[in-house]
Amino acid sequence: MTSDVRPDEDGAVTPSGRQRPPGDRVALRGDLRAALPDATAAVTVTVLVFALLWARMESGASDTVAVMPFMDDPGTYWMYLLSQAFGWSALLWAWGTVMLGLLLSGPRPARLPVSRQALERWHRTTSLTTMALMFAHALMFAAELVRYETKVDWAERVWAAFADTFVPGWYDSGTGRVAIPIGQGALYLAVPLGLLFYVRHRIGANTWRRLHRFVIVVYVLSVWHTLLYGTNVWYGEWPRTVLWLLQLPVALLLLLRLLRPARRAERLGPPGGGAARPGWWVRAAGRVAVAAAVVGLVAVAVSGRDGGRDRPTHPPATAPHAQETD
């Protein structure tokens, strides 16, 4: 949700003071170099989350084991734990980059601890890190499936794992039949929407801005995927409630950004006539929908009804995915 232009009072745009690199490859290389500290922090967080998940599994306190009791050996299922750790880091970084984007594209605070240029750079680097974390999350899930399928040859194991992980509609077991395609949709939207910034001079700034607004859809799909398939937030307990509560500042910033966008051309104003009227109603409906989402999030937090499952007295002991046989 960054922009390489700043709005004038009349709604026109002029280039920002800091000049962008002339070529998209140069800009991407620069941002990749700038993302190294951010990526290092993300890897550190992933390692810490992995260690926590490992310790909880060893102690018997893991919700993953409560959902799938056969996964009671972290030494065997370490790739699955690493996939979970990458997934949680990806969601945390996605939360951060969306918050930065909304802050940049909405009403500007009177005081900021850093410059707008620094915030834009952080938004871009956290976006790149988020894409890498999402891919690592999917890749480790595929690696676990390769390890799990022991009754077929390697070529078939690799193909089955690739298809289950990356081909929409292929995974056919339990909640994953819905949750995995949602996660795939988030990944497959995140990559082009994130990288379009570096070719904005080819597609045009207005086209890029229109497409970049769909980044919020990537984030919604990511949260939805986690709520459906994240075994650590499977049950209706405090971790799931915290995940819901973290969405409240996102929804509030999004509503504020829609009500008071930084660019005057995006302000709603009174309904116009003719061809502008359908667009006005669509934009007004978007504001109403986000306001309803804010109310819904508050209702979830107050009522505690967050869609979590009840913890069963006798959890299932079956594997989520039957092994292939010759």
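Residues numbered from 1 in each chain as written. Predicted model: local features only at pLDDT ≥ 70, side-chain atom pairs only at ≥ 80, totals over all residues. Heavy atoms only, no water.

## Some points on the overall build of the protein chain
Now for step 1: When helices and strands are tallied, the protein chain shows 11 helices and 2 strands.
Now for step 2: Reading the helices (α) and strands (β) of the protein chain from amino to carboxyl end gives β-β-α-α-α-α-α-α-α-α-α-α-α.
Now for step 3: Within the protein chain, contacts between residues separated by at least 24 positions form 72% of all contacts whose residues are at least 6 apart in sequence.
Now for step 4: In the form shown here, the protein chain has an accessible surface area of approximately 17,000 Å², with 67% of it arising from carbon and sulfur atoms. (Helix = DSSP H or I, 4+ residues; strand = E, 2+ residues; numbered from the N terminus. Contact = heavy atoms within 4.5 Å. Areas by Shrake-Rupley, 256 points an atom, 1.4 Å probe, with all protein chains shown as cover.)

## Observations regarding the packing of helix α3 (residues 78–105) against helix α9 (residues 215–229)
Now for step 1: Relative orientation of the contacting elements α3 and α9 amounts to 150 degrees, with a least axis distance of 10 Å. Relative to α9, α3 is oriented so that their crossing is left-handed. Residue-level inspection shows W88, L91, A94, W95 and V98 of α3 in contact with α9, the latter providing I216, Y219, S222, V223 and T226.
Now for step 2: Broken down by class, the residue content of the contact of α3 with α9 amounts to 8 nonpolar, 2 polar and no charged. (Axes fitted to C-alpha atoms, helices over the stretch in contact; angles between N-to-C directions. Left-handed = near helix turned anticlockwise from the far one by under 90°. Nonpolar A, V, L, I, M, F, W, Y, C, P; charged D, E, K, R; others polar.)

## Focus: the side chain of T231
Now for step 1: On the secondary structure map, T231 appears in the loop between α9 and α10 (238–259).
Now for step 2: A polar contact of 2.9 Å, which involves the side chain of T231, links it to the side chain of Q84.
Now for step 3: T231 has contacts with D63, T64, V67, M68, Y80 and Q84, leaving out every residue within four places of it along the chain. (Polar contact = N/O pair within 3.5 Å; in protein donor to acceptor, adjacent residues only side chain to side chain.)

## Some details on the packing of aromatic side chains
Now for step 1: Under the counting rule described, the total for this entry stands at 9 aromatic pairs.
Now for step 2: Seen in terms of ring centroids, F70 and Y77 are 5.9 Å apart; in terms of plane orientation they differ by 70 degrees. Their pairing is edge-to-face.
Now for step 3: When its relative accessible area of 9% is taken as the criterion, Y77 is described as buried.
Now for step 4: One aromatic cluster is present, formed by F135, W159, F162, F166 and W170 through successive ring pairs.
Now for step 5: Over the aromatic face of F197 sits the side chain of R200, whose NZ or CZ is 4.0 Å from the ring centroid.
Now for step 6: Between R309 and the ring centre of W234, over which it is positioned, the NZ or CZ distance is 3.7 Å. (Phe/Tyr/Trp six-rings, centres within 6.5 Å; stacked < 30°, edge-to-face > 60°. Buried < 20%, exposed > 50% of the residue type's maximum accessible area, 1.4 Å probe, protein only. Lys NZ or Arg CZ within 6 Å of the ring centre and 35° of its normal.)

## Focus on helix α6 (residues 176–195)
Now for step 1: Helix length check: α6, at 20 residues, gives a terminal C-alpha distance of 28 Å against a target of 28 Å (1.5 Å per residue), a fit within 8%.
Now for step 2: Of the positions making up α6, those classed as buried are G176, A179, I180, I182, G183, Q184, A186, L187, A190, L193 and G194.
Now for step 3: Tucked inside the fold, the buried residues of α6 contact α4 (116–148), α5 (154–166), α8 (205–212) and α9. (Expected span 1.5 Å × (residues − 1).)

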